[in-house]
Amino acid sequence: MNSVLMAISGPSGVGKGTIVKKFLERRKEVGVSVSCTTRAPRTGEVNGKDYFFITREEFLRRKDEGGFLEWDEHFGNFYGTPKAFVEEQLKKRSLILEIDVVGALNAKKHFPDCALIMIVPPSVDELKKRLEGRQSETEEQVCSRLQRLDYELSKADEYDYVVVNDDLENAVNKLEEIYLSLLTKKA
Ligand code: ADP
Ligand code: 5GP
């Protein structure tokens, strides 16, 4: 079966989660990898759907057992992509990894066919507005997320595709075009 792997990255608050959710509503055949994290769930987040919320002890145990395709620490919490889950899913369907730039570049080492897609904001001001509008982080957390922005954007030239999330519908259309072109290339 033809399946493609797409890693979607971009600064926190740029709209990755929103774009992926809309894309998956259109493309029900595509799955999304659920990462493990040690951070606390935000209001409305569901264990096993948004993330697997696990303790630091559990995370470190799984990491030592080689259970993560890649992992990283952000803002004092661990995040990792469960390896067995990705391998199993890819046998059945296309899959999205929603991970940061370091994670995506590491995933590409395991899966050279993985398409790297970066979502960028139309401007820094707009990104700040979105992060603040989400009301899920403290002011200090918003600042630390913004500080990482330059680093994330500096990796854009290592990516296969860059999508500007100005208008949400446009960004979802663009992601769908990329997905369809990858499928065609595989056929
Ligand atoms: P990420 O997953 O990248 O951290 P989210 O998907 O949580 O970001 O989006 C951050 C905030 O920005 C949310 O409140 C979301 O509704 C809003 N948002 C996403 N895309 C757009 C867009 N194109 N225009 C305006 N607001 C947007
Ligand atoms: P958030 O706490 O906002 O959901 O995510 C914080 C950061 O962790 C984001 O940049 C997000 O892309 C990244 N992230 C989420 N899951 C993973 C993962 O499995 N691996 C890595 N390396 N980063 C992740």
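Coordinates for the structure precede this section.
This report concerns the structure included in the present document. Every value quoted in this text rests on a predicted model; they were computed, and no experiment measured them.

**Considering the site of ligand 1**
Move 1: Taken together, 15 residues form the shell around ligand 1, and within it Gly13, Lys16, Thr18, Arg134 and Asn165 come nearest.
Move 2: Note that a nitrogen atom of ligand 1 is positioned 3.4 Å from one of the backbone N or O atoms of leucine 168.
Move 3: Isolated, ligand 1 exposes 570 Å² of accessible area, and the fraction of that covered by the protein chains is 72%.
Move 4: For the shell around ligand 1, the elements supplying multiple residues, two or more each, are helix 1 (16-26) and helix 5 (124-134).
Move 5: Residue classes in the shell around ligand 1 are distributed as three nonpolar, six polar and six charged.

**With respect to the pairing of strand 6 (residues 77-82)**
For a regular strand, the rule is simple: side chains alternate between the two faces of the sheet.
Move 1: The element strand 6 is extensively covered by neighbouring structure, given that six of its six residues are classed as buried.
Move 2: Of the two faces of strand 6, both are covered, the one formed by Asn77, Tyr79 and Thr81 as well as the one formed by Phe78, Gly80 and Pro82.
Move 3: As paired elements, strand 3 (residues 36-37) and strand 6 share two bridges and run antiparallel to each other. Counterpart to cysteine 36 in the pairing with strand 6 is glycine 80.
Move 4: Count of turn residues in the strand 5 (residues 68-74)/strand 6 antiparallel hairpin: two residues, of which phenylalanine 75 carries a positive phi of about 50°.

**Focus: the site of ligand 2**
Move 1: Looking at ligand 2, there are 18 residues lining it, with Ser35, Arg39, Tyr51, Tyr79 and Asp100 nearest.
Move 2: Within the contact set of ligand 2, an oxygen atom lies 2.8 Å away from a side-chain nitrogen or oxygen of arginine 42.
Move 3: Here a nitrogen atom of ligand 2 sits 2.7 Å away from a polar atom, N or O, in the side chain of glutamate 70.
Move 4: Looking at the shell around ligand 2, the elements with two or more residues in it are strand 5 and strand 6.
Move 5: When the residues that make up the shell around ligand 2 are grouped by side-chain class, the tally is four nonpolar, six polar and eight charged.

**Topic: the packing of aromatic side chains**
The geometry of an aromatic ring pair is captured by two quantities: the separation of the ring centres and the angle between the planes.
Move 1: This model, assessed by the stated rule, comprises seven aromatic pairs.
Move 2: Ring centres 5.6 Å apart and planes at 85° place the aromatic pair phenylalanine 23 and tyrosine 179 in the edge-to-face group. Here tyrosine 179 lies in helix 8 (residues 168-186) and phenylalanine 23 lies in helix 1, a separation of 156 residues in the sequence.
Move 3: Of the residues examined, tyrosine 179 reaches a relative accessible area of 2% and is grouped as buried.
Move 4: A network of ring pairs unites the aromatic residues Phe59, Phe68, Trp71 and Phe78 as a single cluster.

About the cut-offs
Residues numbered from 1 in each chain as written. Chains lettered and ligands numbered in written order. Predicted model: local features only at pLDDT ≥ 70, side-chain atom pairs only at ≥ 80, totals over all residues. Heavy atoms only, no water. Near = heavy atom within 4 Å. Polar contact = N/O pair within 3.5 Å; in protein donor to acceptor, adjacent residues only side chain to side chain. Areas by Shrake-Rupley, 256 points an atom, 1.4 Å probe, with all protein chains shown as cover. Helix = DSSP H or I, 4+ residues; strand = E, 2+ residues; numbered from the N terminus. Nonpolar A, V, L, I, M, F, W, Y, C, P; charged D, E, K, R; others polar. Buried < 20%, exposed > 50% of the residue type's maximum accessible area, 1.4 Å probe, protein only. Pairing = 2+ DSSP bridges. Phe/Tyr/Trp six-rings, centres within 6.5 Å; stacked < 30°, edge-to-face > 60°.

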